[in-house]
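Coordinate analysis (summary)
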Amino acid sequence: FEKHLVGQRNLSPVTRGRQSWLSSLPPTLQAAIVLYSFNCLSLTALTTSTPAILQQADAAIAKGKQLEDAGDYTQAIAKFTIATHLAQKAGDRPREAQAQRHNGLCHLYLFQYREALTLIETARTVALEAKDRSESGASAFSLSAIYRVLGDFDLAEMQVQNAVRELADTPKKDYLVKALL
């Protein structure tokens, strides 16, 4: 991709600026941006009815989870980003929070802690606004994992307590059990 850009002789100053901006990013983020850009082009052909959009968001989340489980975090990030935008377009805050949380977890697995924290904190905020205790609890549990990795055990403990409180009366018992351990 970058080789293709470098080969372009008649680039405008704006394009040249984007080229150096893109090349200054880590390779995994470059790949995610390229994948996201190509996927955005396909979004223009999507239908605009809410059920169709939600179906596409669910498909992107499912594919993202498959990629996440397979360890292909860069492509999973692209799928979760698409799912986030589709959920936002449909106004489905719980799906948006779920996609954001998984996106953040992929960044965590890539050791991109700032991005992971930002995405998962956003997911938690969105879930709380949507009154989705399952997703807000899962997000709190995910935040606790980041804080443990970063060595902030006080914040990690606080997030675990939030997760236990929020997950206690929800169907997501797997996260509750993990938080209780």
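Shown above is the structure to which this text applies.
Parameters at a glance
- Residues numbered from 1 in each chain as written.
- Predicted model: local features only at pLDDT ≥ 70, side-chain atom pairs only at ≥ 80, totals over all residues.
- Heavy atoms only, no water.
- Salt bridge = Lys/Arg side-chain N within 4 Å of Asp/Glu carboxyl O.
- Helix = DSSP H or I, 4+ residues; strand = E, 2+ residues; numbered from the N terminus.
- Buried < 20%, exposed > 50% of the residue type's maximum accessible area, 1.4 Å probe, protein only.
- Contact = heavy atoms within 4.5 Å.
- Axes fitted to C-alpha atoms, helices over the stretch in contact; angles between N-to-C directions.
- Parallel < 35°, antiparallel > 145°, perpendicular 65-115°, else oblique.
- Left-handed = near helix turned anticlockwise from the far one by under 90°.
- Nonpolar A, V, L, I, M, F, W, Y, C, P; charged D, E, K, R; others polar.
- Expected span 1.5 Å × (residues − 1).
- Core = buried A, V, L, I, M, F, W, Y, C linked by side-chain atoms within 4.5 Å.
- Polar contact = N/O pair within 3.5 Å; in protein donor to acceptor, adjacent residues only side chain to side chain.

**Brief notes about the pattern of salt bridges**
Taken as a whole and judged by the stated rule, the model has seven salt bridges. Between Glu-135 and Arg-101 there is a salt bridge, with the nearest N and O atoms lying 2.3 Å from each other. With Glu-135 in helix α8 (residues 133-150) and Arg-101 in helix α6 (residues 93-109), this residue pair connects regions lying 34 residues apart in the sequence. Residue Arg-101 is classed as buried on the basis of its relative accessible area of 1%. Here the salt bridges share partners, and the residues they tie into one network are Asp-58, Asp-92 and Arg-95.

**Details of the side chain of Gln-100**
One can find Gln-100 in helix α6. Here Gln-100 falls in the buried class, since its relative accessible area comes to 9%. The residues contacting Gln-100, other than those within four sequence positions of it, are Thr-84, Gln-88, Leu-119, Thr-122 and Ala-123.

**Observations concerning the packing of α6 against α8**
Each pair of packed helices can be described by the angle between their axes along with the distance between the axes. Relative orientation of the contacting elements α6 and α8 amounts to 15°, with a least axis distance of 10 Å. By the criterion of interaxial angle, the relationship of α6 to α8 is roughly parallel. As for the relative orientation of α6 and α8, their crossing is left-handed in sense. Across the interface between the two elements, Pro-94, Ala-97, Gln-98, Arg-101, Leu-105 and Leu-108 from α6 touch Glu-135, Ala-138, Ser-139, Ser-142 and Ile-146 from α8. Looking at the contact of α6 with α8 residue by residue, the class counts come to six nonpolar, three polar and two charged.

**A closer look at helix α5 (residues 73-90)**
Since there are 3.6 residues in each turn of an α-helix, residues three or four apart along the chain are aligned in direction. With 18 residues, α5 should reach 26 Å at 1.5 Å per residue; the first-to-last C-alpha distance of 25 Å fits that figure. Considered for burial, the residues of α5 that qualify are Thr-74, Ala-76, Ile-77, Ala-78, Phe-80, Thr-81, Ile-82, Ala-83, Thr-84, Leu-86 and Ala-87. Downstream of α5 by one or two residues, Gly-91 has phi in the positive range, about 75°.

**A few points about the nonpolar core**
Residues Ile-61, Ala-76, Phe-80, Ala-83, Leu-86 and Cys-106 are the most contacted members of the largest nonpolar core, which totals 13 residues. Mapped onto this core, the elements with two or more residues apiece are α4 (50-69), α5 and α6. Residue contributions to this core peak at six residues, all from α5. Core analysis: the second largest hydrophobic core is formed by nine residues, Leu-108, Leu-117, Ile-120 and Tyr-147 among them.

**Things to note about the side chain of Asp-92**
Looking at the element boundaries, Asp-92 is found in the loop between α5 and α6. We classify Asp-92 as buried; its relative accessible area is 15%. A polar atom in the side chain of Asp-92 sits 2.4 Å from the side chain of Arg-95. Here Asp-92 is in contact with Leu-54 and Ala-87, once residues within four sequence places are set aside.

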